[in-house]
Amino acid sequence: MVKAFAIDLGNGQVKARSEKRILIAPSMIANEKALGVGSVSNLEGEHDYNLYESKLKIGKKYVWGRDIKERIAHSDLMPTYTHHKRYESANFRLLFEFVLAELASDFNKKSIEVVLVASLPSDEVRTDVDKDLKSFLKGTHVITRNGSELVIDVVDVTINEQPLGTLLSENMNDKKQINKNVQTKTYTVFDFGAGTSIIDTYRGLKRIPELSDVLKTGQNDIYKQIATALKHDSGLSDVQYSQIEDGFRRGDHTAKISDRVHPSFGHLVDGPIDDFCEAVITKLNTIIPNRDIIDGFYITGGGANIVGDAFKSALQEHDATIEAAEPQLANLKGHYNLAILKRDQIHSMRKDEVAATKE
Ligand SMILES: Nc1ncnc2c1ncn2[C@@H]1O[C@H](COP(=O)(O)OP(=O)(O)OP(=O)(O)O)[C@@H](O)[C@H]1O
Ligand SMILES: [Mg+2]
């Protein structure tokens, strides 16, 4: 049986899904030695990271997993994201293999066949980048996870625009049939990511480049501004932007520097959020001066949890705006549904082939 996998490799976090689980973990990896001496021992208790080896870097071991940011010193974490030639970068490809291995490990098999739907920032789909990534992903990957070798044969790869996933997930029924409306109408999707903000317009599920753009600013820029303001405000010598991010995620709007020191930043959030929304609206007005041609708007991406309400007020299209359910996972859900459709097609093709040979 071929398995359906979907992977959305974001600037901040990897989101991935199979029939067994939904995986969310930082888009960062580290060398095994960053764990420090003896730290792999059981003394450390529960942890949520694993050790991986890939044929891409023979003789090297890497750590990756949900806990990686808590377990590894900031300076030892290797981000997989660069604006320059990201998809050729070794770390980016390694991370893709580790995600494949992680999903595959749930099936308790030495080798499995996979249909993969992966997604990229929209302006990179259907470029050389996309072609290179596809040819890297397709075929056999041999990855060692915690000492056990896994063989993953990727038999089919599709690479889609990230925000397309939200249009699909919001417009598919339980039988994975796509709503007729979305196949003819024109929608603009705002995807608020950690490092980018995407404004994408689709007509009949096809992206219209002239009515779309990718801003290279995202939620991280908001966190950074708040961190600077808080440093100034509280006289603290250092506040990391990830401490601001964590405060948003917990919902308590405090920066947890230590058990003793945890200043609130709630009074500092409105300015950066409003400025951010204004910048996105200004961009929108430049690329789509006449909004009358748009049938509706979608708000998605994890950042919708942070800027969603402010952005909706700034957009002033309340009746025509839909906020994706579970925005951080909405793109992934749509791409996963597509992977299931592809998997079923392959199954029925194989059945037909078997039937034909019997005749
Ligand atoms: N429930 C939540 N509450 C608060 N913040 C959240 C929540 N879920 C996600 N976020 C934040 O939203 C931001 C964007 O997350 P998302 O996973 O969409 O970004 P990404 O896909 O990694 O980035 P990019 O799209 O730029 O590549 C992150 O900073 C994340 O921490
Ligand atoms: Mg994203």
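In this convention, every chain numbers its residues from 1, walking through the sequence in written order. To label them, take the chains in the order written and letter them from A, then take the ligands in the order written and number them from 1. Restriction of local features to residues with pLDDT of at least 70 applies here, the model being predicted, together with a cutoff of 80 or more for giving and counting side-chain atom pairs; totals for whole chains, interfaces and linings are based on all residues. For the side-chain quantities, the full set of heavy atoms in the structure was used; hydrogens and water were omitted.

This brings us to the overall build of the protein chain. If you tally the helices and strands in the protein chain, you get nine helices and 16 strands. The size measure is the radius of gyration over C-alpha atoms, and the globule rule it meets is 2.2 Å times the number of residues to the 0.38 power. Its C-alpha radius of gyration of 22 Å places the protein chain within 12% of the 21 Å reference for a compact globule of 359 residues. By principal-axis analysis of the C-alpha atoms, the protein chain measures approximately 75 × 60 × 35 Å. Counting only contacts in the protein chain whose residues sit at least 6 apart along the sequence, the fraction spanning at least 24 positions is 66%. Neither His nor the chain termini are counted; the positive set is Lys and Arg, and the negative set is Asp and Glu. Here the site of a charge means NZ on Lys, CZ on Arg, CG on Asp, or CD on Glu. Across the protein chain, the mean location of the 46 positive side-chain charges is 5 Å away from that of the 52 negative side-chain charges. In this text, helices come from DSSP runs of H or I with a minimum length of four residues, and strands from runs of E with a minimum of two, each type numbered from the N-terminal end. The contact criterion used throughout is that any non-hydrogen atoms of two residues lie within 4.5 Å.

Moving on, we get to the layout of surface pockets. Roughly 290 Å³ of volume is contained in the second largest pocket. Lining the second largest pocket, in full, are S122, V125, R126, N160, E161, L164, L168, G204, L205, K206, R207 and P209. Put simply, the parts of the chain that give the lining of the second largest pocket at least two residues each are β10 (148–161), α4 (164–170) and β13 (206–207). Each residue receives one of three labels: charged for Asp, Glu, Lys and Arg, nonpolar for Ala, Val, Leu, Ile, Met, Phe, Trp, Tyr, Cys and Pro, and polar for the others, Gly being one of them. Here the residues of the lining of the second largest pocket sort into five nonpolar, three polar and four charged. An automatic or database domain assignment supplies the start and end points of every domain. Lining the lining of the second largest pocket are residues from two domains, each supplying at least three of them: domain 1 (3–38 + 45–161) and domain 2 (163–325). Cavity means a closed set of points on a 1 Å grid over the protein atoms alone, one where a 1.4 Å probe fits but cannot get out, pocket means an open set with protein on both sides within 12 Å along at least 5 of 7 lines, and lining means a residue has an atom within 4 Å of a point. Grid points are joined across faces, edges and corners, and a volume is the space filled by probe spheres set on the points.

Taken domain by domain, the protein chain consists of domain 1 (3–38 + 45–161) and domain 2 (163–325). When each unit is reduced to the centre of its C-alpha atoms, the spacing between domain 1 and domain 2 is 25 Å. Taken together, the contact between domain 1 and domain 2 spans twelve residues of the former and 15 residues of the latter. Defined here as a combined quantity, buried area equals the accessible surface (1.4 Å probe) lost by two parts on assembly, summed across both. Of the roughly 1,000 Å² buried at the junction of domain 1 and domain 2 (both faces included), carbon and sulfur atoms supply 50%. What counts as a salt bridge is simple: a side-chain nitrogen of Lys or Arg found within 4 Å of a carboxyl oxygen of Asp or Glu. Summed over the shared surface of domain 1 and domain 2, the number is zero salt bridges. Here a polar contact means two N or O atoms within 3.5 Å. Within protein one must be a hydrogen donor candidate and the other an acceptor candidate, and residues neighboring in sequence count only if both atoms are side-chain atoms. At the boundary of domain 1 and domain 2, one finds three residue pairs in polar contact (both at pLDDT 80 or more).

Our next topic: the nonpolar core. Residue types Ala, Val, Leu, Ile, Met, Phe, Trp, Tyr and Cys, when buried and joined through side-chain atoms within 4.5 Å, form a set referred to as a nonpolar core. Any residue under 20% of the maximum accessible area for its type is buried, any over 50% is exposed, and the rest in between are partly exposed; the area is computed with a 1.4 Å probe on protein chains only. Residues F5, I7, W64 and F96 are the most contacted members of the largest nonpolar core, which totals 37 residues. When contributions to this core are tallied by element, the ones reaching two or more residues are β1 (3–9), β2 (13–17), β3 (22–26), β6 (62–64), α2 (90–105), β8 (111–120), α3 (128–137) and β10. Examining the composition of this core, we find that ten residues originate from one element, α2, more than from any other.

Attention shifts here to the packing of α2 against α3. To get an axis, fit a line to the C-alpha atoms, keeping to the stretch in contact for a helix; angles then go from 0 to 180 degrees between the N-to-C directions. Viewed as axis vectors pointing N to C, α2 and α3 meet at an angle of 45 degrees, and their least axial separation amounts to 11 Å. When the axes of α2 and α3 are compared, the pair comes out oblique. Where α2 crosses over α3, the two elements pack in a sense that is right-handed. Contact residues: F92, R93, F96 and E97 in α2; D132, L133, F136 and L137 in α3. Tallied by class, the residues present in the contact of α2 with α3 amount to five nonpolar, no polar and three charged. Oblique is the label for any angle not under 35 degrees, not over 145, and not in the 65 to 115 range, which are roughly parallel, roughly antiparallel and roughly perpendicular in turn. By convention the crossing between two helices is left-handed if the near helix lies anticlockwise of the far one by an angle smaller than a right angle, and right-handed if it lies clockwise.

Glancing now at the pairing of β1. Here β1 lies mainly inside the structure; seven of its seven residues are buried. Side chains K3, F5, I7 and L9 of β1 all project onto a buried face; the interleaved residues A4, A6 and D8 project onto the opposite face, where all are buried too. Two strands pair under a simple rule: DSSP has to find at least two bridges between them. Summarising the sheet, β1 and β8 pair through six bridges and their orientation is parallel. Bridging across to β8, K3 finds its partner in V114. Between the antiparallel neighbours β1 and β2 lie three residues.

Applying the stated rule across the entire model yields 16 salt bridges. Where R21 meets E102, a salt bridge forms, and the shortest distance between an N and an O atom there is 2.8 Å. Of this pair, R21 sits in the loop between β2 and β3 while E102 sits in helix α2, and the two are 81 residues apart along the sequence. You can call E102 buried: its relative accessible area is 5%.

Below, the discussion takes up the site of ligand 1. Any residue with a heavy atom lying within 4 Å of a molecule or strand is counted as near it. Neighbouring residues of ligand 1: 21 residues in total, closest N11, K15, Y223, E245 and Q328. Note that an oxygen atom of ligand 1 is positioned 2.8 Å from one of the backbone N or O atoms of G12. At a separation of 2.8 Å, an oxygen atom of ligand 1 approaches a polar backbone atom of G302. Protein coverage of the free-state accessible area of ligand 1, which is 650 Å², stands at 90%. Among the elements that take part in the shell around ligand 1, helix α6 (residues 241–250) stands out by supplying three residues, more than any other. Split into classes, the residues belonging to the shell around ligand 1 amount to five nonpolar, 13 polar and three charged. Residues lining the shell around ligand 1 come from more than one domain, with at least three contributed by each of domain 1 (3–38 + 45–161) and domain 2 (163–325). Accessibility throughout is a Shrake-Rupley quantity obtained with a 1.4 Å probe, and a residue counts as covered only by protein chains that appear here.

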